Amino acid sequence: NAGVTQTPKFRILKIGQSMTLQCTQDMNHNYMYWYRQDPGMGLKLIYYSVGAGITDKGEVPNGYNVSRSTTEDFPLRLELAAPSQTSVYFCASSYGGNHQYFGPGTRLTVT
Amino acid sequence: QKEVEQDPGPLSVPEGAIVSLNCTYSNSAFQYFMWYRQYSRKGPELLMYTYSSGNKEDGRFTAQVDKSSKYISLFIRDSQPSDSATYLCAMSADAGGTSYGKLTFGQGTILTVHP
């Protein structure tokens, strides 16, 4: 049981490039979330999903897109990367309650 | 005004000290209160979970909620170097129903316990 896995662990992007951050969970959780964490700013919700085919915006969705074709996977797409998207990205999942299980994070730098 | 305010610290204490971490909030709809612990370069993990006002104890950790003051605390007794981490408070208005499990997090407090 691996829990929540994220790839890649680190990535450097040039301004204007695109990439997909991968997230997979093996706990059969319906709910999945994407957060970004900036120093001293806590966790900000980007997008969330309550099941396959259902996604919705969180607090800071601009510049990002998501899809959820299976229960296990919830990729986050960055289009036209900007320096403001330099952050640590966390994926999380839950059975539907408040206990969220987090992945190890992806550190992204946009230069 | 932010919905949840947490002093980012950093907080540095000697081993064995009692640590008090605090959050204030403005949304009176919050009913569920959590503390997540995040070690350096790791994802957060749930440490304590409480509902409504009152205290909850788990080993060296005590979570306290005062809804009348919109104030929550986490106390760590006999702190250890292994407690060095960032502590994030989180809150929700329900147990995952209409809020879909979405949480509002504080900024996190960086704690260092030195031997």
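Rules of the game
- Residue numbering note: each chain is counted from 1, following its sequence as written.
- Each chain gets a letter, beginning with A, and each ligand a number, beginning with 1, in the order they are written.
- Per-residue local features are limited, in this predicted model, to residues with pLDDT of at least 70; the limit for side-chain atom pairs, both in listing and counting, is 80 or more; totals at the level of whole chains, interfaces and linings are taken over all residues.
- Calculation of side-chain values draws on the structure's entire complement of heavy atoms; hydrogens and water are dropped beforehand.
- Each helix corresponds to a stretch of at least 4 residues labelled H or I by DSSP, and each strand to a stretch of at least 2 residues labelled E; elements are numbered beginning at the N terminus.
- Radius of gyration means the value over C-alpha atoms here, while the globule rule gives 2.2 Å times the residue count to the 0.38 power.
- Think of it in three bands: with a 1.4 Å probe and only protein chains considered, a residue is buried below 20% of the maximum accessible area for its type, exposed above 50%, and partly exposed in between.
- When checking whether two residues touch, look at their non-hydrogen atoms; a contact exists if any pair is within 4.5 Å.
- All accessible areas in this document rest on Shrake-Rupley with a 1.4 Å probe, and a residue is counted as covered only by the protein chains that are shown.
- When charges are counted, neither His nor the chain ends are considered; positive counts come from Lys and Arg and negative counts from Asp and Glu.
- Taken as the charge location is NZ of Lys, CZ of Arg, CG of Asp or CD of Glu.
- Any two strands with at least two DSSP bridges between them are considered paired.
- The term buried area means the drop in 1.4 Å probe accessible area that two parts suffer when joined, counted for both and summed.
- Distance and chemistry together define a polar contact, namely a pair of N or O atoms within 3.5 Å, with one atom able to donate a hydrogen and the other to accept it when in protein, and with adjacent residues in sequence counting only for side-chain atoms on both sides.
- Each residue gets one label: Ala, Val, Leu, Ile, Met, Phe, Trp, Tyr, Cys and Pro are nonpolar, Asp, Glu, Lys and Arg are charged, and the others, such as Gly, are polar.
- Stacked, edge-to-face and tilted labels apply to pairs of Phe, Tyr and Trp rings (six-membered ring for Trp) whose centres lie within 6.5 Å, assigned for plane angles under 30 degrees, over 60, and everything in between, in that order.
- Interaxial angle, 0 to 180 degrees, is taken between N-to-C directions of lines fitted to C-alpha atoms, where a helix line uses only the stretch in contact.

Caption draft 1: Expanded view of the overall build of chain B. Per the secondary structure count, chain B includes zero helices and 11 strands. In chain B, the succession of α and β elements from N to C terminus is β-β-β-β-β-β-β-β-β-β-β. The C-alpha radius of gyration computed for chain B amounts to 14 Å, which stays within 12% of the reference 13 Å derived for 115 residues, consistent with globular compactness. With respect to the principal axes defined by its C-alpha atoms, chain B has extents near 45 × 30 × 25 Å. When each of the 115 residues of chain B is scored for burial, the buried share is 44%. By sequence separation, contacts in chain B at least 24 residues apart represent 56% of the contacts at least 6 residues apart. On chain B, roughly 5400 Å² of surface is accessible, and the fraction owed to carbon and sulfur atoms is 49%. Measuring between centres, the 10 positive side-chain charges of chain B sit 5 Å from its 11 negative side-chain charges.

Caption draft 2: Local environment of the overall build of chain A. If you tally the helices and strands in chain A, you get zero helices and 11 strands. Here chain A has a C-alpha radius of gyration of 13 Å; the compact-globule value for 111 residues is 13 Å, and the two agree. For chain A, the spread of C-alpha atoms along the three principal axes comes to 35 × 25 × 25 Å. Scored against the burial criterion, the 111 residues of chain A give a buried share of 48%. Partitioning the intrachain contacts of chain A with sequence separation of at least 6 by distance along the chain shows that 53% fall at a separation of at least 24. Carbon and sulfur atoms make up 52% of the accessible area of chain A, which totals about 5100 Å². One finds the centroid of the 9 positive side-chain charges in chain A at a distance of 9 Å from the centroid of its 7 negative side-chain charges.

Caption draft 3: Focus on the pairing of strand S4 (residues 31–37) of chain A. Residues and elements named next belong to chain A. The element S4 is extensively covered by neighbouring structure, given that seven of its seven residues are classed as buried. Of the two faces of S4, the one lined by Tyr31, Tyr33, Tyr35 and Gln37 and the one lined by Met32, Trp34 and Arg36 are each fully buried. Relative to strand S9 (residues 87–94), S4 is paired through seven bridges, and the arrangement is antiparallel. Counted as the bridge partner of Met32 is Ser93 from S9. Of the pairings in the sheet, the one linking S4 to strand S5 (residues 43–51) comprises six bridges and is antiparallel in character.

Caption draft 4: Quick peek at the interface of chain A and chain B. Contacts between the two partners involve 22 residues from chain A and, on the opposite side, 22 residues from chain B. When chain A packs against chain B, the two sides together hide about 1800 Å² of surface, and 54% of this comes from carbon and sulfur. Among the residues of chain A in contact with chain B, Leu43(A), Asn98(A) and Phe102(A) are the three that bury the most area, contributing 32% of the side total. On inspection of chain A and its partner chain B, the count reaches seven residue pairs in polar contact (both at pLDDT 80 or more). Only S4 and S5 of chain A provide two or more residues apiece to the side of chain A that touches chain B. Class assignment for the residues of the side of chain A that touches chain B results in 12 nonpolar, nine polar and one charged.

Caption draft 5: Spotlight on the packing of aromatic side chains. All names here are of chain B. Throughout the structure, instances matching the rule amount to 12 aromatic pairs over all chains. With centroids separated by 6.2 Å and ring planes inclined at 50°, the aromatic side chains of Tyr32 and Tyr49 adopt a geometry described as tilted. Highlighted residues: Tyr32 in strand S4 (residues 32–38) and Tyr49 in strand S5 (residues 45–51), separated in sequence by 17 residues. Relative accessible area serves as the criterion here: at 24%, Tyr49 is assigned to the partly exposed category.

Caption draft 6: Here's a closer look at the sheet that holds strand S3 (residues 19–25) of chain B. All names here are of chain B. With antiparallel pairing, five strands are arranged side by side in an open sheet as S1-S3-S8-S7-S6. Edge positions in the open sheet fall to strand S1 (4–6) and strand S6 (54–58), since each of these has one partner strand only. Averaged over all neighbouring strand pairs, the angle between strand axes comes to 15°, with direction disregarded. In this structure, S3 lies alongside strand S8 (residues 71–76), joined through six bridges in antiparallel fashion. If you follow Cys23 over to S8, its bridge partner there is Ile72.

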